[in-house]
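# Structural description and commentary
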Amino acid sequence: MTPDEVAGRLRSGMTIGIGGWGSRRKPMALVRALLRSPVTDLTVISYGGPDVGLLAAAGRISRLVTAFVTLDSIPLEPHYRAARERGAFALTEIDEAMFMWGLHAAANRLPFLPVRAGLGSDVMRVNPELRTVTSPYEDGEEFVAVPALRMDAALVHMNRADRLGNGQYLGPDPYFDDLFCEAADTAYVSCERLVETAELVGTPGSAPQTLLIQRHSVTGVVETPGGAHFTSCVPDHPRDEPFQKAYAAAAADPAAWAEFSARFLPPDGDEKGYQQAVRTWHEEQR
């Protein structure tokens with residue numbers, strides 16, 4: 001598929017999960033395609049980074065479920081900060097471990113999973129809809145009942161994938177992209193490079209455990225080199241720190257953001273045009 005074909009499968013009002021972590025291995029080409037579409041009123045589930053920031057800046061989010069929204073080297077995503085300060089969308093903010101168990105519950109088609117994380121913290125105060133459960137065994141211990149994070153669609157980015165939907169990560173961290181795919185009714189995998197199935201395990205550094213995503217949980221595959229930009233996709237490329245700084249600086253000023261958006265995120269653009277605009281920008285910085 002192409003990024004725009006994926007966006008064409010999504011609908012307003014959906015619950016969308018976005019893989020990656022902060023400003024690392026985010027499916028940004030798919031997010032940019034989503035921005036070019038008319039889809040809005042989204043519930044977004046994400047260990048948030050610029051994916052959340054861009055969707056927030058465009059007013060596409062009605063509710064966000066997250067443990068944080070960061071650019072990593074820049075602690076707080078600026079568009080997210082601005083959106084929350086003006087109350088642009090509802091927020092469900094939970095502990096990182098609670099988020100993980102919510103994904104596990106959804107992937108296993110369970111309504112919830114018990115977890116200790118959150119007990120004794122303000123997570124329970126700011127999320128009054130959360131409930132606790134008591135162990136049915138002799139210990140009688142109380143746990144938070146973390147609800148399943150079910151999704152209509154998941155978007156993730158891998159280093160490699162085949163046409164069948166098997167996805168491989170080659171960096172140091174799998175994040176939770178497999179759980180996002182398994183917790184969603186449909187899942188779309190973008191990748192740096194599309195390869196033959198045999199190549200996923202037949203080359204140096206491609207141990208079987210790097211085959212993170214299995215074809216049974218994938219709806220479509222998109223080959224899009226640089227599709228995680230400006231986030232990192234190690235070892236294919238690091239985070240584009242100069243561009244991320246320019247993004248964050250533009251986010252602080254409405255006029256600068258309008259100029260940035262017109263150059264890099266025009267509504268009539270495409271991923272090829274974005275990549276060329278980024279290359280031109282870097283040439284100008286030399």
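Computed from a prediction, not measured in an experiment: that's the story for all the values here.

## Quick look at the overall build of the protein chain
Helices and strands together make up the secondary structure of the protein chain, namely ten helices and eleven strands. Principal axes of the C-alpha set define a box for the protein chain whose edges measure 65 × 50 × 30 Å. Within the protein chain, the proportion of its 286 residues that are buried is 53%. In the protein chain, once contacts between residues fewer than 6 apart in sequence are set aside, the share between residues at least 24 apart is 72%. For the protein chain, the accessible surface area stands at approximately 12800 Å², while carbon and sulfur atoms represent 52% of it. For the protein chain, the separation between the mean place of its 27 positive charges and that of its 37 negative charges on side chains is 3 Å.

## Overview of the packing of helix α2 (residues 28-36) against helix α10 (residues 271-285)
The N-to-C vectors of α2 and α10 enclose an angle of 115°; their axes lie 10 Å apart at closest approach. As for the relative orientation of α2 and α10, their crossing is right-handed in sense. Contacts from Ala-29, Arg-32 and Arg-36 in α2 reach Glu-271, Tyr-274 and Gln-275 in α10. Looking at the contact of α2 with α10, its residues break down into two nonpolar, one polar and three charged.

## Quick notes on helix α3 (residues 50-57)
Of all eight residues that make up α3, seven are buried, and the element is covered over most of its length. Those residues of α3 not exposed but buried are Pro-50, Asp-51, Val-52, Gly-53, Leu-54, Leu-55 and Ala-56.

## Regarding empty space enclosed by the protein
By rolling a water-sized probe across the atoms, one finds the places where empty space is left. Tallied over the entire structure, the rule returns one cavity of 30 Å³ or more. For the largest cavity, the calculated volume is near 60 Å³. Secondary structure elements with two or more residues in the lining of the largest cavity: α2, α8 (241-251) and α9 (254-264). Of the residues that constitute the lining of the largest cavity, the class distribution is nine nonpolar, one polar and one charged.

## Digging into the sheet that holds strand β5 (residues 112-115)
Strand order across the open sheet formed by three strands is β5-β7-β6, with antiparallel pairing between neighbours. At either margin of the open sheet sits one strand with a lone partner, and together these are β5 and β6 (131-134). In this sheet, adjacent strand axes meet at a mean angle of 40° when their direction is disregarded. Set on the sheet, helix α5 (residues 96-107) makes contact with β5 and β7 (142-147); between it and β5 the angle comes to about 145°.

## Details of the packing of aromatic side chains
Under the criterion given, the structure shown has 18 aromatic pairs. An aromatic cluster is present here, built from Phe-230, Phe-243, Tyr-247, Trp-257, Phe-260, Phe-264, Tyr-274 and Trp-281 joined pairwise through their rings. For the cation-ring pair, Arg-32 lies above Tyr-274, with the distance from its terminal atom to the ring centre recorded as 3.7 Å.

## Observations concerning the packing of α8 against α10
Packing of α8 against α10 brings their axes to within 11 Å, and their N-to-C directions diverge by 100°. In this view, α8 runs roughly perpendicular relative to α10, as classed from their interaxial angle. Seen from α8, the contacting residues are Pro-242, Phe-243 and Ala-246; seen from α10, they are Tyr-274, Val-278, Trp-281 and His-282. For the contact of α8 with α10, the per-class residue count stands at six nonpolar, one polar and no charged.

## A closer look at the pattern of salt bridges
Proximity of charged atoms lets side chains of opposite charge pair with each other. In total, this model carries 13 salt bridges according to the counting rule given. In this structure, Arg-239 engages Glu-241 in a salt bridge whose closest nitrogen and oxygen atoms are separated by 2.9 Å. Through salt bridges with shared partners, one network takes in Arg-24, Asp-72, Arg-239 and Glu-241.

## Brief notes about the pairing of β7
For a regular strand, the rule is simple: side chains alternate between the two faces of the sheet. Strand direction decides the pairing type here: β5 and β7, joined by four bridges, are antiparallel. Within β7, the residue paired with Leu-113 across the bridge is Val-146. As paired strands, β6 and β7 are joined by four bridges and run antiparallel to one another. What sits directly across from Thr-134, in β7, is Glu-142.

## Details of the side chain of Arg-60
Position of Arg-60 among the secondary structure elements: in the loop between α3 and β3 (61-66). For the buried residue Arg-60, which engages in no salt bridge, the nearest side chain bearing the opposite charge is Asp-4, 10 Å off. For Arg-60, the contacting residues outside a window of four places in its chain are Leu-34, Leu-35, Ser-37, Pro-38, Val-39, Thr-40, Asp-41, Leu-42 and Leu-55.

Criteria and cut-off values
Numbering of residues starts from 1 in each chain and follows the order in which that chain's sequence is written. Given that this is a predicted model, residues contribute local features only at a pLDDT of at least 70 and side-chain atom pairs are listed and counted only at 80 or more, while totals for whole chains, interfaces and linings are drawn from all residues. Computation of side-chain values covers all heavy atoms of the structure but excludes hydrogens and water. Numbered from the N terminus, helices here are DSSP runs of H or I no shorter than four residues, and strands are runs of E no shorter than two. Between buried and exposed lies partly exposed: a residue is buried under 20% and exposed over 50% of the maximum accessible area for its type, with that area taken using a 1.4 Å probe on protein chains only. We call two residues contacting when some pair of their heavy atoms lies within 4.5 Å. Accessible areas in this description were obtained via Shrake-Rupley with a 1.4 Å probe; residue shielding takes into account the shown protein chains only. Counting rule for charge: Lys and Arg are taken as positive, Asp and Glu as negative, and neither His nor the chain ends is counted. Taken as the charge location is NZ of Lys, CZ of Arg, CG of Asp or CD of Glu. Axis definition: a line fitted to C-alpha atoms, limited for helices to the stretch in contact. Angles are taken between N-to-C directions and run from 0 to 180 degrees. Here is the rule for handedness: rotate from the far helix to the near one, and if that takes an anticlockwise turn smaller than a right angle the crossing is left-handed, while a clockwise turn gives right-handed. Residues are grouped as follows: nonpolar covers Ala, Val, Leu, Ile, Met, Phe, Trp, Tyr, Cys and Pro; charged covers Asp, Glu, Lys and Arg; every other residue, Gly included, is treated as polar. The method works on a 1 Å grid over the protein atoms by themselves. A cavity is a set of points holding a 1.4 Å probe that cannot get out, a pocket is an open set with protein on both sides within 12 Å along at least five of seven lines, and residues with an atom within 4 Å of a point line them. Grid points are joined across faces, edges and corners, and a volume is the space filled by probe spheres set on the points. A pair of strands is considered paired only if DSSP assigns at least 2 bridges between the two. Working definition: a ring pair exists when centres of Phe, Tyr or Trp rings (six-membered ring for Trp) sit within 6.5 Å. Plane angles under 30 degrees give stacked, over 60 give edge-to-face, the rest tilted. In this scheme, the term charge over a ring applies when either NZ of a lysine or CZ of an arginine sits within 6 Å of the ring centre and within 35 degrees of the ring normal. Reported orientations rely on four angle classes, namely roughly parallel under 35 degrees, roughly antiparallel over 145, roughly perpendicular from 65 to 115, and oblique for the rest. Just to be clear on terms, a salt bridge is a Lys or Arg side-chain nitrogen sitting within 4 Å of an Asp or Glu carboxyl oxygen.

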